[in-house]
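An overview of the molecular structure
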Amino acid sequence: MAILVVGGAGYIGSHAARVLRRHGYEVFIYDNLSTGYRFLADGFDLVVGDIADSDRLAPVMRRVEAVMHFAAFAYVGESVENPRKYFQNNVNAALNLLNTAQECGVRHFVFSSTCAVYGVPAKVPIDEATPREPVNPYGASKLFFEYALEAYSRAYGMNYASLRYFNAAGADESGDIGELHNPETHLIPLALAAATEGGLPLRIFGNDYPTPDGTCIRDYIHVNDLAEAHVLALKKLMADGDSFAVNLGTGTGYSVREVMMAVEQVTGNKAAYEVAPRRAGDPPALVADASRARDLLGWKATRNLQNIVATAWNWKQRQIAKQAEAAALPKN
Ligand code: UFG
């Protein structure tokens, strides 16, 4: 069975593509390489194109039974400063992707949604019945697409899974692929950089939150656990046809300080830091109630914070070694 992984040259999509292949699916990757990297799609059939381009999409779309859609911009802060970019890609172009899928007879659609659709929840852990009230354009753009999927499934019979990720982190155990953002804004890569010689100190955004140690709490979920959930979601859609939305998190939250401790333990190095002002729009704590994913999909995260940090560290060291190799090559 063939699956189109849209955004498969990006961080989460490239992990999903590999996990799908390990489960025996035929995988095509579609990516415009605006934030993705060609080498993350190495070994796959890659079509380079934009999700706004139906002519480019349609031929590959006709070859697959399901679409997994990872091709979105995902910086909360940037979405506040440049909402046009977010609504253009995450809504406008994404609707074109959905319409093309529908026209090409695709029956199953798996969507990368986010806990940002909940905004600042009244209670933690967050279950799926929590009102969806995003507080930034990124979350709003993702919620719009959830609504579109709900309407399309009612009207046209295409079924969908909206997978609401908590904090994706870590890297494939092989060390071949991992997180590579430019600029990098995420906690774990920045904390690892702070534990690396010559790295900048981590700026802890606020230590006066109403949490036990004053720093923000998040639910960090290993990218391959997320990828496994996509495969289970797809199987569920194919088996009984009902659409659904589920949280994907571990159900356990860690503070920024606890993440730093894990980084120091894994690397064996001290991670330098300074306390900086709070970052606008950061809720104090976001932790998933992951019971629906367990009940519906039989899915549970199998990797913990230690595994997340260790795989991210392995990936970072491989990247550093590759850069050193490239720098040592004679230039002509
Ligand atoms: N943090 C720091 N210093 C940094 C970077 C992050 O203290 O240099 C803190 C943040 O304040 C936050 C935590 O570390 O408390 C995690 O921050 P990330 O930037 O790694 O992740 P976010 O929780 O901001 O973002 C994630 C996803 C988004 C998604 C969002 C939903 O990456 O795509 O959760 O709230 F929208």
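Here the structure is a predicted model, which means the values were calculated and not measured.

Conventions adopted
- Residues numbered from 1 in each chain as written.
- Predicted model: local features only at pLDDT ≥ 70, side-chain atom pairs only at ≥ 80, totals over all residues.
- Heavy atoms only, no water.
- Helix = DSSP H or I, 4+ residues; strand = E, 2+ residues; numbered from the N terminus.
- Expected span 1.5 Å × (residues − 1).
- Buried < 20%, exposed > 50% of the residue type's maximum accessible area, 1.4 Å probe, protein only.
- Contact = heavy atoms within 4.5 Å.
- Polar contact = N/O pair within 3.5 Å; in protein donor to acceptor, adjacent residues only side chain to side chain.
- Core = buried A, V, L, I, M, F, W, Y, C linked by side-chain atoms within 4.5 Å.
- Domains from an automatic or database assignment.
- Buried area = accessible area lost by both parts, 1.4 Å probe.
- Salt bridge = Lys/Arg side-chain N within 4 Å of Asp/Glu carboxyl O.
- Phe/Tyr/Trp six-rings, centres within 6.5 Å; stacked < 30°, edge-to-face > 60°.

This next bit is on helix H10 (residues 305-328). Relative to the 34 Å expected for 24 residues at 1.5 Å per residue, H10 spans 35 Å between its end C-alpha atoms, a close match to the ideal helical length. Residues Leu-305, Ile-308, Val-309, Thr-311, Ala-312, Trp-313, Trp-315 and Gln-319 constitute the buried set of H10. Looking at the packing, one finds that the buried side of H10 touches strand S7 (167-169), helix H6 (187-194), strand S10 (220-222), strand S12 (254-255) and helix H8 (256-267). In this structure Asn-304 caps H10, since a side-chain oxygen of it lies 3.1 Å from the backbone nitrogen of Gln-306.

Ranked by size, the top nonpolar core spans 38 residues in total, and within it Ile-12, Leu-20, Leu-163, Leu-234, Phe-244, Leu-248 and Trp-299 carry the most contacts. When residues of this core are traced back to their parent elements, those giving at least two are strand S1 (2-6), helix H1 (11-22), strand S2 (26-31), strand S4 (66-69), strand S6 (159-165), helix H7 (223-240), strand S11 (244-248) and helix H9 (291-297). In terms of residue count, H7 provides more of this core than any other element does, 8 residues in total. The contacts of Trp-299, once residues within four sequence positions are left out, are Ile-221, Asp-225, Glu-228, Ala-229, Leu-232, Leu-248, Gly-249, Ala-293 and Arg-294. Counting 28 residues, the second largest nonpolar core, distinct from the first, contains Ala-2, Leu-97, Phe-145 and Leu-149.

Here the focus is the domain arrangement of the chain. Along its sequence, the chain is carved into domain 1 (2-170 + 222-248) and domain 2 (187-217 + 251-288 + 303-328). One C-alpha centre belongs to domain 1, the other to domain 2, and the line joining them spans 26 Å. Counting residues at the interface gives 16 residues for domain 1, matched by 13 residues for domain 2. For the pairing of domain 1 and domain 2, the buried interface totals around 1200 Å² over both sides, and the portion due to carbon and sulfur atoms is 68%. Summed over the shared surface of domain 1 and domain 2, the result is 1 salt bridge. Here Asp-225 ties to Arg-303 by a salt bridge, and the two come within 2.7 Å at their closest N and O atoms.

Further remarks concern the environment of Thr-252. Mapped onto the fold, Thr-252 is located in the loop between S11 and S12. Along the chain, Thr-252 and Leu-20 lie 232 residues apart, while their C-alpha atoms are 26 Å from each other. Excluding residues within four positions of it along the chain, Thr-252 makes contact with Arg-218, Asp-219, Tyr-220 and Val-287.

A complete count under the given rule lists 6 aromatic pairs for this structure. The interplanar angle of 45° and the centroid separation of 5.8 Å between the aromatic rings of Phe-109 and Phe-145 together place this pair among those described as tilted. Of this pair, Phe-109 sits in strand S5 (residues 108-114) while Phe-145 sits in helix H5 (residues 137-156), placing them 36 residues apart in sequence. Measuring from centroid to centroid gives 4.7 Å for Phe-111 and Phe-145, while their planes differ by 50°, and the two rings are tilted. Here Phe-111 is found in strand S5, whereas its partner Phe-145 is found in helix H5, with 34 residues between them in sequence. With respect to burial, Phe-111 and Phe-145 carry one shared label: buried.

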